[in-house]
Amino acid sequence: MAKKIIALFVALLIIAVSVPTMAASVINKDGYYKGIRLNGKVKVVDHFPDIKVKVVDAFPDIRVKTVDAFPDKIGEWQFVEYGEDFTIQFVESFPDIKIKFVDAFPGVD
């Protein structure tokens with residue numbers, strides 16, 4: 001009986017520790033991913049990106065609004081061919097971050 005209680009306690013402890021980790025975003029509240037501020041000029045590449053990105057419809061890490069100029073706020077991206085602040089590669093599997101394209105209210109929660 002005591003072994004069952006201990007096993008149950010250990011299982012609950014493992015679940016309690018792992019749930020907050022799974023819910024945490026990889027982007028901090030200030031809009032940074034591994035030191036990269038997620039606004040500015042972005043170049044799409046096929047190989048060796050700074051960030052691998054998956055486009056989703058639900059539960060994004062960040063909401064992205066594409067702009068033609070002055071991408072000053074977190075989540076505002078201006079796509080360019082040169083002079084980029086960081087590079088991305090669109091992927092379907094194993095993304096670093098998940099984004100959702102929006103027309104208003106870009107950023108993180």
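The structure contained in this document is the topic of the report that follows. (Residues numbered from 1 in each chain as written. Predicted model: local features only at pLDDT ≥ 70, side-chain atom pairs only at ≥ 80, totals over all residues. Heavy atoms only, no water.)

**A look at the nonpolar core**
And step 1. Within the largest apolar cluster, 15 residues are counted, with the highest numbers of intra-cluster contacts made by L38, I51, I62, W77, F86 and I97.
And step 2. Elements that contribute at least two residues to this core include exactly β4 (51–55), β5 (62–66), β7 (86–90) and β8 (97–101).
And step 3. Other than its neighbours up to four places away in sequence, F86 contacts I36, R37, L38, N39, K41, V42, K43, D50, I51 and W77. (Core = buried A, V, L, I, M, F, W, Y, C linked by side-chain atoms within 4.5 Å. Buried < 20%, exposed > 50% of the residue type's maximum accessible area, 1.4 Å probe, protein only. Helix = DSSP H or I, 4+ residues; strand = E, 2+ residues; numbered from the N terminus. Contact = heavy atoms within 4.5 Å.)

**Regarding the packing of aromatic side chains**
A ring pair, where both rings are aromatic, is described by two values, the distance of the centres and the angle of the planes.
And step 1. Evaluation of the coordinates by the stated rule reveals two aromatic pairs.
And step 2. Judged by centre distance (6.2 Å) and plane angle (75°), the ring pair of W77 and F79 falls under edge-to-face.
And step 3. The class for F79 is partly exposed, based on a relative accessible area of 34%.
And step 4. Between W77 and F86, the aromatic rings sit 5.5 Å apart at their centres with planes inclined by 80°, giving edge-to-face as the arrangement. Here the two residues W77 and F86 agree in accessibility, since each one is buried.
And step 5. Three or more aromatic residues link up through ring pairs in this structure, and these residues are W77, F79 and F86. (Phe/Tyr/Trp six-rings, centres within 6.5 Å; stacked < 30°, edge-to-face > 60°.)

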